[in-house]
Amino acid sequence: MNKPNDERPYRILMIAPTSFFADYGCHIRILEETRTLQQRGHAVTLVTYRNGRNLPGIDIRRTLPIPWRQSYEVGSSRHKIAFDALLGAKTLNLLMRQRFDVIHTHLHEGALIGLVLGRLFGIPVLFDFQGSLTEEMIDHHFLRRESKIHTLLRRLETWIDHTSPLILTSSANAERILVEQFQSDPARIRSLQDCVNTDEFRPAAAFAPDELARLRVQLGIPAGAKVIVYLGLLAEYQGTPHLLQAMQHLQARHEDVYLLLMGFPDVEYYQQQAAALGVIERVIFTGRVFYEEAARHLALGQVAVAPKLSLTEGAGKLLNYMAMGLPTVAFDTPVAHEYLGMSGLYAKLGSVESLASHLNNVLEDPLLGERLGQQLRQRAVDHFQWQRAGAQLEAAYATLCDEPTVCDEPAASQAAQRFPSHQK
């Protein structure tokens, strides 16, 4: 077991305002951070919504249920007000019964609960920022930019960003958003990039061939067919309609190409779209794929795709693709460039034709795909492993708890270099 640098284990209360665990997005970051901290000797208690999947080895405390909304899992909803009220009550109950050194919050709702209760109990609070609250609600078509409620929520979001004593961002793009759009103090922001378990997510050659062959048969993928893989939520802002339309172009060029579309919700809705586009026979909808099974499914692909349209959210699925050694096509966004670097293939944002063209280039040139895949795998191993993130988390906790920590240079100096125009 790796011990923390100062041999001091932290008692961490992690607030996750979501239906943990749901096998996608921010859930994976929460899970891997928790596992990394546990491996380094810290105790993590995770408080979350009533719904979600329990995982072995994780101390999960859930809220009471809401009778009128038993199945809530994904997305913005007015029902989240009730869920977050119950989450606040559960967090208060835990703080009254147990001692914690630090409150580690996820998403703005969690940060709001943590800031209020942390001040009440005198416990330092860390905000794990994964994107703008209001921009995400707009992406989900839950909020209109010109509405009055948007103005109120934007003010609340700004207050949370300004009040949080220390903020971790999942990407440099998120850091820029905080500083440039919300005028947050860069000296209180640290980048903790999303990472990937490169032992779990590994190239297809590391899997038993007969195991992958059985999975292909189980999913109905013909022998010898080329497979495009997608893993994540199915939604407009995730580019699901664009991907289905791109398959229409690819189907006309290739008789042996299939899209393995792994995700939820609204599977039936997108099946209807695929049928209307005439590609339903070439698109295999799996529904939810458990995180534990994700690598095995991704290993069936020749190329991966991430057509996310959001400019503010992270894109953790890219790291899974990279670790698998899969050539990856993404829409041209700052986060995609941050992860994929020079080895990514970037389609013009929102262009179905560009998306289809880049996918076609990889399908027609296996050597190109192999070369890019190897480069992405090495990039994941070199820069995006959770072991490095564990030390960064410990340093953040030490800063909050006023403990000495080793770093190359003070945070304020680093911030001045990243955002010189922000310094007065």
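Refer to the preceding data block for the structure.
Residues numbered from 1 in each chain as written. Predicted model: local features only at pLDDT ≥ 70, side-chain atom pairs only at ≥ 80, totals over all residues. Heavy atoms only, no water.

### Remarks on the pairing of strand β5 (residues 125–129)
- By the criterion of burial, β5 is predominantly enclosed, with 5 of the 5 residues buried.
- Because side chains alternate across β5, one face comprises the buried residues V125, F127 and F129, and the other comprises L126 and D128, equally buried.
- Here 4 bridges tie strand β4 (residues 102–106) to β5, and the two strands are oriented parallel to one another. Each residue of the ladder has a partner; that of H104, found in β5, is L126.
- Regarding the hand of the β-α-β motif, the stretch spanning β4, helix α3 (residues 107–121) and β5 is right-handed. (Buried < 20%, exposed > 50% of the residue type's maximum accessible area, 1.4 Å probe, protein only. Helix = DSSP H or I, 4+ residues; strand = E, 2+ residues; numbered from the N terminus. Pairing = 2+ DSSP bridges. Right-handed = clockwise from strand over helix to strand, strands pointing away.)

### Some details on helix α14 (residues 366–383)
- Over its 18 residues, α14 runs 26 Å from end to end, which matches the ideal 26 Å to within 8%, given 1.5 Å per residue.
- Where α14 is buried, its residues touch α11 (317–323), β12 (328–331), α12 (334–340), β13 (345–347) and α13 (352–364). (Expected span 1.5 Å × (residues − 1). Contact = heavy atoms within 4.5 Å.)

### Quick notes on the nonpolar core
- With 99 residues, the main nonpolar core has F201, I228, L261, L298, L318, L355 and L359 as its most contacted residues.
- Residues within four places of L359 in sequence aside, it is in contact with I228, L243, L250, V303, A304, V305 and V329.
- Within the second largest apolar cluster, 25 residues are counted, among which are L95, A111, L117 and A174. (Core = buried A, V, L, I, M, F, W, Y, C linked by side-chain atoms within 4.5 Å.)

### Digging into the environment of G220
- Among the secondary structure elements, G220 is positioned in the loop between α7 (209–219) and β8 (226–231).
- In this structure G220 comes out as partly exposed when scored by relative accessible area, which is 47%.

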